[in-house]
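So you can see what is in the structure, the chains are spelled out below.
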Amino acid sequence: MLKEYERSPESMSREQRKEETKRYQKGLTARQQPLRAARLPVIVLIEGWAAAGKGTLINDLISEIDPRFASVFSADRALQGSERYPFLYPYFNAIPEEGKILFMDSGWMEETVRGAVAGELDGEECELYLRSVNRFERQLRDNGYLLIKIFVDISRKEQKKRLEALRDDENTAWRVTDADRWQNKEYDAFREAYGEFMERTGDVFAWHVMDGGSKAALRHDAFRLICEEVDAALERGKYNGEPFEEEFPMTEPPRLEDADLSLSLSDEEYKTELKALQKRLGELHNTVYRMGIPVVICYEGWDAAGKGGNIRRLAYPLDPRGFDVYPIASPEPHELSRHYLWRFYQRLPRTGHVAIFDRTWYGRVMVERIEGYCTENDWKRAYNEINEFEEDLYDWGAVVLKFWIHVDQDTQLQRFTERQENPDKRWKITDEDWRNREKWPQYEEAIGEMLEKTSTVYAPWHIIESRDKKYARVKVLRLTVEALEEAIAEREELNG
């Protein structure tokens, strides 16, 4: 399919092209301030053949722009060590803040195509990668990003000539890798794979194939394209995607009104079960680490429901070298100016490790919805985006556990009062807690919708009755132990 793309025509003289390139180059620099004012984030993805001139092109593109508001992503550096994380991890982590430009030296296309041609990705894995790419690009668009995708094309003969020239110079020989020579050998297979990738990932943001045979033409066409795309984006304004519903495998969602808050344990029952479950969890943590199973545990719940104490009992038996607890507060400015899932991608565990989130990405459909911190489109669209995110985690091999720690209003009031009156616990109660309490009905409605729309087969919700904190702690431990045992059994069966 790649051969069907037209290369840029030689439609002007060398001097005309040179002058117009300078004009576009200055124009790109001049557009940085309007981008900042519009809070529009821009990603320029440069893909293409080895030795096609991608690095040189990026150097040209950034040569005169303000480096405070632009950055460069190198796939070679970013992918080192990324094999222990989900496919999109290095790319989602790299997305720029609002008003800034990111230039990417290769990315998700190259990783997918190389894996496919090398046979490292089977057909099913390739399909999952393509699905993730399309979702990622759509989420970028819907959350206001501009993505410009360029493929630098050269012939097999030209690539071989350039690789040999680099190899024959002692100062550049290091730049020619075995993978580059292999790509030239398998040029036809790569060309077909690149074409198919473009065909299947060009709906949200179009691919632009450019002639890498002429460096002058490439510079001109790239500068012109970027300036035109930025102008069009500035004219139409920052995009805010419409919500839509994709089909996911759902469970019967739990309901707050069905929770039996009278459930409790005696002190003796609690001590016995707690000890046994913590011992078992410690054993399972060792197995999870050995087998490379990542675990993501999500805590949401009412203020004063007992999340902190619950997390401590869950984390106690875990090897401290193999888990992290992330208390999630209001986003910092650098977090707020990116896609809302960005700060959670930053905190994903490596394979074999456990990440425990004290509040999560579900703030998008609760506090941000109720307090008006995002648009209605944003929070309505988030149900689908969250299901996609969690499905990608599951496909990566992660165990995803989600707990809603539940109490009633009377219990919450009692605990608020106790905190207020106890100097050692007064720091736990804030004016915001009291304000949130006044919005209990709105939160109940939002929680109900959240449970209904995001309790999937691969990441179901569990309501944890926490009027009796002892009961809640044991229930969380039991559910975690059961989930890990099931995941280990499935991995053992898969591995034969």
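The model shown is predicted, which means the values in this text are computed figures rather than measured ones.

**A look at helix α21 (residues 469–495)**
Taking 1.5 Å of rise per residue, the 27 residues of α21 would be expected to cover 39 Å, and the 39 Å separating its terminal C-alpha atoms lies within 8% of that figure. Within two residues after α21, glycine 496 carries a phi angle of roughly 75 degrees, on the positive side.

**Examining the side chain of asparagine 377**
Among the secondary structure elements, asparagine 377 is positioned in helix α17 (residues 376–396). Judged by its relative accessible area of 18%, asparagine 377 falls in the buried class. Once you skip the residues sitting within four places of it in the chain, asparagine 377 turns out to touch Asn240, Gly241, Glu242 and Pro243.

**Remarks on the sheet that holds strand β2 (residues 70–74)**
Pairing between the strands of a sheet comes from backbone hydrogen bonds, and it takes one of two forms, parallel or antiparallel. Spatially, the five strands line up as an open sheet ordered β2-β3-β1-β4-β5, and their pairing is parallel. Looking at the sheet topology across the chains shown, the edges are occupied by β2 and β5 (207–211). Between one strand axis and the next, the sheet turns through 20 degrees on average, direction left out of account. One ladder, built from five bridges, connects β2 with strand β3 (residues 101–105); its direction is parallel.

**Concerning the environment of proline 86**
On the secondary structure map, proline 86 appears in the loop between α4 (75–78) and α5 (89–94). Judged by relative accessible area, proline 86 falls into the buried class, the value being 6%. For the pair proline 86 and aspartate 153, spaced 67 residues apart in the sequence, the C-alpha separation amounts to 29 Å.

**Let's talk about unusual backbone geometry**
Positive phi, normally seen in glycine, also occurs at arginine 39, with a value near 55 degrees. The residue arginine 39 is located in the loop between α2 (32–38) and β1 (42–48) in this model. For arginine 39, a relative accessible area of 46% translates into the label partly exposed.

**Some remarks on the sheet that holds strand β9 (residues 399–406)**
Taking strand neighbours across the sheet as the criterion, the five strands line up as β7-β8-β6-β9-β10 in an open arrangement whose pairing is parallel. Each edge of the open sheet carries a strand with a single partner, namely β7 (323–327) and β10 (461–465). With direction set aside, neighbouring strand axes in the sheet form an average angle of 20 degrees. Where β9 meets β10, five bridges bridge the pair, whose relative direction is parallel. Looking at β10, one finds that isoleucine 405 is bridged to isoleucine 464. Those strands touched by helix α13 (residues 307–315) are β6 (295–301), β7, β8 (354–358) and β9, and its axis lies near 160 degrees from that of β6. The strands that α21 touches are β6, β9 and β10; relative to β9, the one it contacts most, it runs at about 165 degrees.

**Re helix α12 (residues 267–291)**
Side chains three or four residues apart in an α-helix point the same way, a direct result of the helix having 3.6 residues per turn. Under the 1.5 Å per step criterion, the end-to-end length of α12 is 36 Å for 25 residues, consistent within 8% with the ideal 36 Å. Every buried residue belonging to α12 is among Tyr270, Leu274, Leu277, Gln278, Leu281, Gly282, Leu284, His285, Thr287, Val288 and Met291, and all of these are buried. On the buried face of α12, the contacting elements are β6, α13, β8 and α21. Positive phi appears at glycine 292, one or two residues downstream of α12, with a value of about 70 degrees.

**Let's talk about the pattern of salt bridges**
A full pass over the atoms with the stated rule returns 54 salt bridges. The partner of arginine 135 in a salt bridge is glutamate 391, and the shortest N-O contact between them spans 2.8 Å. Within this pair, whereas arginine 135 is found in helix α7 (residues 123–142), its partner glutamate 391 is found in helix α17, the two being separated by 256 residues in sequence. Each member of the pair, arginine 135 as well as glutamate 391, is classed as buried. The residue glutamate 390 makes a salt bridge to lysine 402 at a minimum N-O spacing of 2.9 Å. Taken together, the residues span a long stretch of sequence, with glutamate 390 in helix α17 and lysine 402 in strand β9 at a distance of twelve residues. Residue lysine 402 is classed as buried on the basis of its relative accessible area, which comes to 0%. Beyond isolated ion pairs, a larger network of salt bridges with shared partners links Arg131, Arg135, Arg138, Arg141, Asp142, Glu246, Glu388, Glu391, Asp392 and Asp395.

**Comments concerning a negative patch on the surface**
Taken together, Glu482, Glu486, Glu490 and Glu493 make up a surface patch of like negative charges. By the element assignment, glutamate 493 lies in helix α21.

**Brief notes about a positive patch on the surface**
On the surface, a cluster of positive charge is contributed by Arg312, Lys425, Lys428 and Lys469. Within the secondary structure, lysine 425 sits in the loop between α18 (409–421) and α19 (431–438). By relative accessible area, lysine 425 is classed as partly exposed at 40%.

**Quick notes on the packing of aromatic side chains**
Here the distance between the centres and the angle between the planes together describe a pair of aromatic rings. Taken as a whole and assessed by the stated rule, the structure comprises 29 aromatic pairs. Both rings, one in phenylalanine 92 and one in phenylalanine 136, keep their centres 5.3 Å apart while their planes meet at 40 degrees; by these two values the pair is tilted. With a gap of 44 residues between them, phenylalanine 92 in helix α5 and phenylalanine 136 in helix α7 connect regions that are remote in the sequence. In this structure, phenylalanine 92 and phenylalanine 136 share a single accessibility class: buried. Judged by centre distance (6.4 Å) and plane angle (40 degrees), the rings of tryptophan 361 and tyrosine 362 are tilted. With a relative accessible area of 0%, tyrosine 362 lands in the buried category. The ring of tyrosine 24 carries the charged tip of arginine 23 above its face, separated from the ring centre by 4.9 Å. Here the basic side chain of arginine 36 rests over the ring of phenylalanine 69, its NZ or CZ set 3.9 Å away from the ring centre.

Here is what the cut-offs are and how they apply
Residues numbered from 1 in each chain as written. Predicted model: local features only at pLDDT ≥ 70, side-chain atom pairs only at ≥ 80, totals over all residues. Heavy atoms only, no water. Helix = DSSP H or I, 4+ residues; strand = E, 2+ residues; numbered from the N terminus. Expected span 1.5 Å × (residues − 1). Buried < 20%, exposed > 50% of the residue type's maximum accessible area, 1.4 Å probe, protein only. Contact = heavy atoms within 4.5 Å. Pairing = 2+ DSSP bridges. Axes fitted to C-alpha atoms, helices over the stretch in contact; angles between N-to-C directions. Salt bridge = Lys/Arg side-chain N within 4 Å of Asp/Glu carboxyl O. Patch = residues over 30% accessible without salt bridge, like charges linked within 9 Å, V, L, I, M, F, W, Y side chains within 5 Å. Areas by Shrake-Rupley, 256 points an atom, 1.4 Å probe, with all protein chains shown as cover. Lys, Arg positive; Asp, Glu negative; His and termini not counted. Charge placed at Lys NZ, Arg CZ, Asp CG, Glu CD. Phe/Tyr/Trp six-rings, centres within 6.5 Å; stacked < 30°, edge-to-face > 60°. Lys NZ or Arg CZ within 6 Å of the ring centre and 35° of its normal.

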